[in-house]
Number of protein chains: 4
Amino acid sequence: MMARVQRLASIRDSGPERLIAFSDGVMAVIITIMALELHPPGGTDIHDLAHRVPALLIYVLSFAMIGIYWNNHHHLLRATERISALVMWSNLHLLLWLSLFPVATEWIGEEYRHALPAAVWGVVALGSAMAYFILVRALLRVHDAGSRLALAIGRDFKGQISAAIYLAGFGLAFLPFGPWLSYACYVSVAIIWFVPDRRFEF
Amino acid sequence: MMARVQRLASIRDSGPERLIAFSDGVMAVIITIMALELHPPGGTDIHDLAHRVPALLIYVLSFAMIGIYWNNHHHLLRATERISALVMWSNLHLLLWLSLFPVATEWIGEEYRHALPAAVWGVVALGSAMAYFILVRALLRVHDAGSRLALAIGRDFKGQISAAIYLAGFGLAFLPFGPWLSYACYVSVAIIWFVPDRRFEF
Amino acid sequence: MMARVQRLASIRDSGPERLIAFSDGVMAVIITIMALELHPPGGTDIHDLAHRVPALLIYVLSFAMIGIYWNNHHHLLRATERISALVMWSNLHLLLWLSLFPVATEWIGEEYRHALPAAVWGVVALGSAMAYFILVRALLRVHDAGSRLALAIGRDFKGQISAAIYLAGFGLAFLPFGPWLSYACYVSVAIIWFVPDRRFEF
Amino acid sequence: MMARVQRLASIRDSGPERLIAFSDGVMAVIITIMALELHPPGGTDIHDLAHRVPALLIYVLSFAMIGIYWNNHHHLLRATERISALVMWSNLHLLLWLSLFPVATEWIGEEYRHALPAAVWGVVALGSAMAYFILVRALLRVHDAGSRLALAIGRDFKGQISAAIYLAGFGLAFLPFGPWLSYACYVSVAIIWFVPDRRFEF
């Protein structure tokens, strides 16, 4: 059954649109579910509020990460002309990794002084970066070298640098002052993506 | 009121699109709500993390299941030319069964060593498979034998095999080492769907 | 600022589409958020599971209600040619009432033997019915008598009967065996909508 | 990679649609996630229900706020012809602020008699207003003075008045009877937006 339908599915205009819509939906829920895990302060004075600030900061960082993935994903798929079963599963694999950000974020929010939560957040970030890389490869398999997609992708320095920094952040978590070094790494990745560069000019 | 509007609703191009959009939305939320039920470890050492691994594994399995349903559903409805009230309710019936995955998943995550949670997960999976079968039948009732849909559906061995394995998984849960046999069954269904076969070639 | 943009917003083809998309999104989340409030049994034997059955039944009822509203809403707006600020707010007002189903459902799931939760569920259902009626009126104000919408709406017996039964269900909740009488009323409304009638034939 | 894809992204018809779809999704989840944080009464008599009324009222207020932002955002982007990376980040920045409404709302629901929760809600509302202003500016940077967008925006008195009232509500929270004065301010902003004015006539 899926075979013939799949073949219909590879029609250019409709192919990637459902995939984008579903991915947008999942990422929209992920990004807001993290907000649900921001619990209100236990009391009502300024110190109670202050105790929640670390959880708020890591939330903002994770929000930025999902935002960056949505941004890249959405530009990547706009150039997509056809999809395949492999692209489908690669995309779900990416969404699976992204869906682990909320629990990793919640954990750091509660235990930001410890190494393991900081390291686990790095694992989730690294897994997401790998999954994104796999999705790009899966898309290239169904587009020829002259396609808009192939032209659009080129080399992705930012992606490779990000993965390296996530790995460093993971390792550094276990050193003295570890978590703080890890957080510095993770923030630097977000900055790399937010800093406008020539590639973003229109 | 609904009568005349319904008649308008059977216009070919707009008919299934709302249905797909709503279904995508529901499935996107289901798949991410399960992530919300992944609670962070109680502590911060590796053993605390290890205790959460079973909940993570069953989450990945349920994520794969919803992903498979989204995948099939989305190919099925792409070939759909017209809908009916029966299709509407059949689709909601399928979404109802799928919406029970999060609670079944959460239960196993907490009590994965016991028979009943493993069996209940099988009931939810079997109910979803039945509901999908009903939806297919409802769609065929409003498409003639020569339609794209009728051609696209053909025979669905994977669906029938899956239902049989879910049933086995349900029964096996109550034998010694039951839960583990059930989980093996459920994982095998996911593998059946993930393994690429000729039907997926483009 | 909104004035001129609003004027652009009244262009026929794009007018209602965003409204439908947002409403579908909200209803998709409402319907699945209720599933999130289905908590797993406290234990793992059949009696623990049995204790959760009432919560499951009221969940199914509320799921059906939201499904019915999505169904009607989506047919109503398909016939819509233009929207207005009043339509916007009327639609948000309907979504507000619908968004109270999850908490009312959760309350009944925990306290199904008591009058007040059963009555409150009726209030939410009645408020939703009124809000839907208001939305219909708001739409008629921007469509002339010969429009597709005006033709499509006609008289809505089911809606009027439903509102009357909700009211009865609210009142009956406070009599002896009250909650059960209320639930019977609410279920009967769902049946009214599910029973296929001539109006649904294509 | 993103560069060339971005350039493709600036095509008029597809440019803002993904942005709107993702934003609608996030706002739809935010608005319904707040409903999830409405906990049922602890008991089943009328006093238990009465204790939940303040939480319900602040929920309605926050629901209205998100609804107003969705409404404005959606009219703003309908007039949008092209987007840029800056527009992307400005939009995410707005969504970040909006995503803080649920936790601020939950806090007030629990501690509505205290100054700090009332003030923090005002900070979230003010931050959202600022973020919306920034988004408008980012959009103007990629539209020339004669564009539909530039014409549509004009001067935004309501937005400026709202920001001023939020600021007042923040400050007033710390005076005697503070929270109540703040809530009065916040409600008045909602009224400003709901009151139909000439600008809304079609």
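J.: What should I look at first to understand the overall build of chain A in this one?
T.: Of the regular secondary structure elements, chain A holds ten helices and zero strands. Ordered by position from the N terminus, the helices and strands of chain A form the series α-α-α-α-α-α-α-α-α-α. Counting only residues that meet the buried cut, chain A has 60% of its 202 residues in that class. The contacts in chain A between residues at least 6 apart in sequence include a share of 79% that link residues at least 24 apart. Only carbon and sulfur atoms are counted for the fraction: they give 68% of the accessible area of chain A, which is about 7700 Å².

J.: I tried to follow the side chain of Glu-106 of chain C on my own but got confused; where do I start?
T.: Note on placement: Glu-106 of chain C falls in helix α6 (residues 101–111). Among buried charged residues, Glu-106 of chain C stands out as having no salt bridge; its nearest opposite-charge side chain is Arg-52 of chain C, 8.0 Å away. Other than its neighbours up to four places away in sequence, Glu-106 of chain C contacts Glu-37 and His-39 of chain C together with Pro-40 of chain D.

J.: Explanation requested: the packing of aromatic side chains in the structure shown.
T.: For any pair of aromatic rings, the description rests on two quantities: the centre-to-centre distance and the angle between the ring planes. In total, this model carries 36 aromatic pairs over all chains according to the counting rule given. Ring geometry for Trp-180 of chain B versus Tyr-183 of chain B: centroids 5.8 Å apart, planes at 80°, classification edge-to-face. Of this pair, Trp-180 of chain B and Tyr-183 of chain B both sit in helix α10 (residues 178–194), three residues apart, which is roughly one turn of the helix. The exposure class of Trp-180 of chain B is partly exposed, given its relative accessible area of 46%. A residue is classified by how much of its surface remains accessible, and Tyr-183 of chain B, at 11% relative accessible area, is buried. With 5.7 Å between their ring centres and 80° between their planes, Phe-170 of chain C and Phe-174 of chain C make a pair best called edge-to-face. Looking at Phe-170 of chain C, the relative accessible area reads 34%, which means it is partly exposed.

J.: I tried to follow the nonpolar core on my own but got confused; where do I start?
T.: For soluble globular proteins, nonpolar side chains are generally found buried alongside one another. Among the nonpolar cores identified, the biggest contains 260 residues, and Trp-121 of chain A, Trp-121 of chain B, Trp-121 of chain C together with Trp-121 of chain D are the most heavily contacted of them. When neighbours within four sequence positions are excluded, Trp-121 of chain B is seen to be in contact with Ile-58, Leu-61, Ser-62, Met-65, Phe-101, Ala-104, Thr-105, Ile-108, Tyr-166 and Tyr-186 of chain B. Residues Ile-33 of chain C together with Val-29, Ile-33 and Leu-36 of chain D belong to the second largest nonpolar core, which totals twelve residues.

J.: Honestly, the packing of helix α4 (residues 53–78) of chain C against α6 of chain C in this entry has me stumped. Any pointers?
T.: Relative orientation and spacing of two packed helices are given, respectively, by the angle between their axes and the distance between those axes. All names here are of chain C. Between α4 and α6, the shortest axis-to-axis distance is 8 Å and the interhelical angle comes to 160°. Regarding the angle of α4 to α6, the classification is roughly antiparallel. The handedness of the crossing between α4 and α6 comes out as right-handed. From α4, Ala-55, Ile-58, Tyr-59, Ser-62, Met-65 and Ile-66 reach across to α6, where they touch Phe-101, Thr-105, Ile-108 and Gly-109. The residue makeup of the contact of α4 with α6, split by class, is seven nonpolar, three polar and no charged.

J.: Explain the side chain of Asn-71 of chain D to me, please; I cannot follow it from the model alone.
T.: Along the chain, Asn-71 of chain D turns up in helix α4 (residues 53–78). Classification of Asn-71 of chain D as buried rests on a relative accessible area of 0%. The residues contacting Asn-71 of chain D, other than those within four sequence positions of it, are Met-88 and Trp-89 of chain C.

J.: Before we go on, may I ask you to explain a nonpolar patch on the surface in this structure?
T.: Residue and element names in this part refer to chain A. Together, Leu-175, Phe-177, Trp-180 and Leu-181 give the surface a local cluster of nonpolar side chains, amounting to about 460 Å² of exposed area. The residue Leu-181 is located in helix α10 (residues 178–194) in this model. Residue Leu-181 is classed as partly exposed on the basis of its relative accessible area of 36%.

J.: Even after reading the chapter, I still don't get the environment of Trp-180 of chain A, so can you show me in this structure?
T.: As a C-alpha pair, Trp-180 of chain A and Gly-169 of chain A span eleven residues in sequence and 9.3 Å in three-dimensional space. In this view, Trp-180 of chain A contacts Tyr-112 and Arg-113 of chain A; residues no more than four positions away in its chain are not counted.

J.: How do you make sense of the confidence of the model for chain A when you look at a structure like this?
T.: A low pLDDT score tells you not to read the predicted coordinates there in detail. Residues and elements named next belong to chain A. Per-chain confidence: chain A averages 80 in pLDDT, with 87% of residues scoring 70 or above. Predicted confidence for residues 197–202 stays below pLDDT 50, and this span has 17 contacts to residues more than four positions away or in other chains. Across the whole predicted complex the pTM is 0.84, and at the interface the ipTM reaches 0.81.

J.: Whenever I open this one, the environment of Ala-64 of chain C confuses me. Can you help?
T.: Residues and elements named next belong to chain C. Topologically, Ala-64 is positioned in helix α4. The exposure class assigned to Ala-64 is buried, which follows from its relative accessible area of 12%. Between the C-alpha atom of Ala-64 and that of Leu-98, which follows or precedes it by 34 residues, the distance is 12 Å.

J.: Would you mind showing me how to read the environment of Val-187 of chain B here?
T.: Residues and elements named next belong to chain B. Following the sequence through the fold, Val-187 ends up in helix α10. The class of Val-187 is partly exposed, set by a relative accessible area of 37%. Distance from Val-187 to Ile-68, taken between C-alpha atoms, is 13 Å for residues 119 residues apart in sequence.

Definitions and cut-offs
- Residues numbered from 1 in each chain as written.
- Chains lettered and ligands numbered in written order.
- Predicted model: local features only at pLDDT ≥ 70, side-chain atom pairs only at ≥ 80, totals over all residues.
- Heavy atoms only, no water.
- Helix = DSSP H or I, 4+ residues; strand = E, 2+ residues; numbered from the N terminus.
- Buried < 20%, exposed > 50% of the residue type's maximum accessible area, 1.4 Å probe, protein only.
- Contact = heavy atoms within 4.5 Å.
- Areas by Shrake-Rupley, 256 points an atom, 1.4 Å probe, with all protein chains shown as cover.
- Lys, Arg positive; Asp, Glu negative; His and termini not counted.
- Salt bridge = Lys/Arg side-chain N within 4 Å of Asp/Glu carboxyl O.
- Phe/Tyr/Trp six-rings, centres within 6.5 Å; stacked < 30°, edge-to-face > 60°.
- Core = buried A, V, L, I, M, F, W, Y, C linked by side-chain atoms within 4.5 Å.
- Axes fitted to C-alpha atoms, helices over the stretch in contact; angles between N-to-C directions.
- Parallel < 35°, antiparallel > 145°, perpendicular 65-115°, else oblique.
- Left-handed = near helix turned anticlockwise from the far one by under 90°.
- Nonpolar A, V, L, I, M, F, W, Y, C, P; charged D, E, K, R; others polar.
- Patch = residues over 30% accessible without salt bridge, like charges linked within 9 Å, V, L, I, M, F, W, Y side chains within 5 Å.
- pLDDT = per-residue confidence, 0-100.

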